[in-house]
Amino acid sequence: MTTAPPAGPAAPPRALPALFAPSPTSAPRPEAPSLPPVRRTPLVVSGLLAVALTAYVWSAHGTKPGVLLLLGLGLGVALFHSRFGFTSAWRQLIAVGNGTGLRAHALLLGTTATLFALLIGSGTGLFGSQPAPSAGPIGVGLVVGSLLFAVGMQLGGACASGTLFAVGSGQTSVLLTLGGFIAGATLAAWQFDLWKDLPAWEPVVLSEHIGWGAGSWAVTIAALLLVVLVTRRVQARRNPPPLGPVPSARTAAVRALRGAWPLAAGALVLAVLGAGVLAVSGGAWGVTSAFSLWGSELVGALGGHPENWTWWRQPGNAEMLAGPVLADKTSLTDIGIMIGAAVAAALGGTWALHRGIPWRTTVASVLGGVLMGIGARLAGGCNIGAYLAGVASGSLSGWLWGAVALAGTWLGLRLRPLFGLGNPKPGDGVC
């Protein structure tokens with residue numbers, strides 16, 4: 001009688017590849033440094049400002065604006081903790097092939113698209129709002145504007161949302177970018193007659209042709225999965241340096257309050273809060289329309305007459321200029337982002353004003369901001385209002401914005417050394 005040989009150790013189950021698992025890098029990611037102490041004075045100042053401004057907006061303008069400000073505060077906290085940016089993600093992909101940031105974008109876009117499909121498809125809104133998709137015309141303005149915006153964000157060092165949370169966290173050079181951003185957006189509004197008739201086709205929204213659910217949503221998710229797969233292949237081939245670490249904590253509870261969040265966590269929180277903006281206001285989260293408003297208000301305060309500009313005579317824009325800034329949806333979320341980021345940065349111990357900015361960096365920051373301001377107006381929005389909201393709404397304009405912005409990033413990387421700005425290199429320790 002023969003006996004079967006003793007069974008060897010069972011083979012481990014074959015794991016399916018995780019779409020958002022880390023891809024190979026040329027070296028392990030360095031360990032995150034420990035958190036510095038809480039910055040008490042900035043924390044007290046920003047915390048009191050958040051409470052006082054929320055109370056004022058709630059009492060002076062009502063519940064809906066108050067909720068929008070709270071959503072902006074939450075967006076600022078999430079943006080800072082996850083260091084969720086578009087500028088660095090595109091720079092890392094183009095320069096060295098690290099697609100980690102772009103895969104986080106795909107998660108943000110896919111989750112936002114899912115929530116948008118649920119809200120818009122069912123007509124579910126708050127405060128009497130009717131959620132609507134965000135879409136822009138497809139034409140010369142979109143292409144030129146998104147190209148200018150991408151070049152500008154590589155020179156200015158931040159995108160639209162990144163500019164706000166960086167300013168809130170005390171980065172002085174990005175304050176210069178914000179100033180240029182406001183100036184460029186105001187200049188484009190003033191000169192609206194020069195570019196308003198650029199050739200363009202009507203917006204294309206997939207849900208209007210194939211419906212939500214199995215239509216627009218499914219196509220969007222499939223396209224995003226393709227983006228994830230392509231970036232993983234690119235990263236595996238180029239074997240880039242890892243992303244640089246940011247200060248964090250050892251325990252999950254402290255990390256949630258003070259330390260760095262994983263990019264995936266930031267993407268999910270931002271998607272939920274962005275969907276909250278849609279549900280409360282009826283429109284997608286945006287950033288740059290407020291910059292045109294703030295600059296035009298300053299022009300008016302200095303004796304100008306922006307109410308006579310063609311831009312402010314457009315439907316919807318006239319009401320925005322005539323109303324209080326603290327009742328404007330985009331202004332509320334923008335201000336909330338800056339204050340929320342200040343609170344988070346102070347808690348994390350990293351809030352600090354940067355001094356001694358090199359003159360070439362100063363020029364690049366202002367110039368980059370101006371290009372982004374002009375580009376956002378030409379393209380009908382920025383990386384949030386045109387790209388994120390457009391893709392999540394199933395609009396072809398959002399996809400075109402992203403594709404052209406990648407090309408503009410390539411151009412911006414070649415201009416950065418002229419201003420003393422570095423780019424990631426394959427041999428770097430981190431990028």
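Residues numbered from 1 in each chain as written. Predicted model: local features only at pLDDT ≥ 70, side-chain atom pairs only at ≥ 80, totals over all residues. Heavy atoms only, no water.

**Quick look at the side chain of R91**
Secondary-structure assignment places R91 in helix 3 (residues 87-96). Apart from residues lying up to four places away in sequence, R91 is in contact with V96, Q154, T409, L413, R416, N423 and P424. (Helix = DSSP H or I, 4+ residues; strand = E, 2+ residues; numbered from the N terminus. Contact = heavy atoms within 4.5 Å.)

**Let's talk about helix 1 (residues 40-61)**
When the terminal C-alpha atoms of helix 1 are compared, their 31 Å separation across 22 residues agrees well with the 32 Å that a helix rising 1.5 Å per residue should span. Residues of helix 1 that are buried include every one of P42, S46, A50, L53, T54 and V57, and no others. In a view along the axis of helix 1, the buried residues occupy a sector of 105 degrees, so they form one face of it. In helix 1, the exposed residues that point more than 90 degrees away from the buried face are R40, T41, V45, L48, V51 and S59. Turning to helix 1, the residues buried within the fold contact helix 2 (63-82) and helix 15 (329-348). Where helix 1 ends, the next residue or the one after it, G62, has phi of about 110 degrees, a positive value. (Expected span 1.5 Å × (residues − 1). Buried < 20%, exposed > 50% of the residue type's maximum accessible area, 1.4 Å probe, protein only. Arc of directions from axis to C-beta.)

**So, the confidence of the model for the protein**
Summary statistics for the protein give a mean pLDDT of 92 and a share of 95% for residues scoring 70 or more. The element-level mean pLDDT for the protein is lowest in helix 11 (residues 252-257), coming to 83, with helix 5 (residues 140-156) highest at 98. Note that pLDDT drops below 50 for residues 1-17; the model gives that stretch 0 contacts with residues more than four away or on any other chain. (pLDDT = per-residue confidence, 0-100.)

**A look at the environment of G402**
Within the fold, G402 resides in helix 18 (residues 396-415). Taking the relative accessible area as the measure of exposure, G402 reaches 8% and is therefore buried. For the pair formed by G402 and Q130, sequence separation is 272 residues and the distance between their alpha carbons is 27 Å.

**Comments concerning helix 13 (residues 289-301)**
With 13 residues, helix 13 extends 19 Å between its outermost C-alpha atoms, agreeing within 8% with the 18 Å of an ideal straight helix rising 1.5 Å per residue. Listing the buried residues of helix 13 in full gives A290, F291, S292, L293, W294, G295 and S296. Where the residues of helix 13 are buried, they touch helix 6 (160-168), helix 7 (172-190), helix 14 (317-322), helix 15 and helix 16 (359-379). Positive backbone phi, at 105 degrees, marks G303, one or two positions downstream of helix 13.

**Focus on a nonpolar patch on the surface**
A cluster of nonpolar side chains, namely V140, V143, V144 and L198, defines an oily patch on the protein surface of about 250 Å² accessible area. The exposure class of L198 is partly exposed, given its relative accessible area of 34%. (Patch = residues over 30% accessible without salt bridge, like charges linked within 9 Å, V, L, I, M, F, W, Y side chains within 5 Å. Areas by Shrake-Rupley, 256 points an atom, 1.4 Å probe, with all protein chains shown as cover. Salt bridge = Lys/Arg side-chain N within 4 Å of Asp/Glu carboxyl O.)

**Observations concerning unusual backbone geometry**
For R83, which is not glycine, the phi torsion reads 45 degrees and is therefore positive. Within the secondary structure, R83 is located in the loop between helix 2 and helix 3. A relative accessible area of 24% means that R83 is categorised as partly exposed. Of note, F127 is a non-glycine position whose phi angle comes to about 55 degrees, a positive value. Looking at where F127 falls in the secondary structure, it is placed in the loop between helix 4 (100-122) and strand 1 (138-139). Relative accessible area serves as the criterion here: at 43%, F127 is assigned to the partly exposed category.

**Notes on the nonpolar core**
Of all hydrophobic cores here, the largest spans 84 residues; its most connected members are F149, F291 and W401. With sequence-adjacent residues up to four places away left out, W401 is seen in contact with W90, L142, S146, F149, A379, G381, C382, N383, A386 and Y387. One finds A113, I120, A275 and A284 within the second-largest nonpolar core, a separate group that totals 10 residues. (Core = buried A, V, L, I, M, F, W, Y, C linked by side-chain atoms within 4.5 Å.)

**Section: the packing of aromatic side chains**
Note on aromatic pairs: each is described by the distance of the centres and the angle between the planes. Summed over the entire model, instances satisfying the criterion amount to 14 aromatic pairs. Seen from their ring centres, F84 and F86 are 5.9 Å apart, and the 70 degrees between their planes marks the pair as edge-to-face. Taking relative accessible area as the criterion, F84 reaches 1% and is therefore assigned buried. Taken together, the ring pairs connect F84, F86, W90, F149, F181, F291, W294, Y387 and W401 into an aromatic cluster. Against the face of F80 rests R83, its NZ or CZ located 4.1 Å from the ring centre. (Phe/Tyr/Trp six-rings, centres within 6.5 Å; stacked < 30°, edge-to-face > 60°. Lys NZ or Arg CZ within 6 Å of the ring centre and 35° of its normal.)

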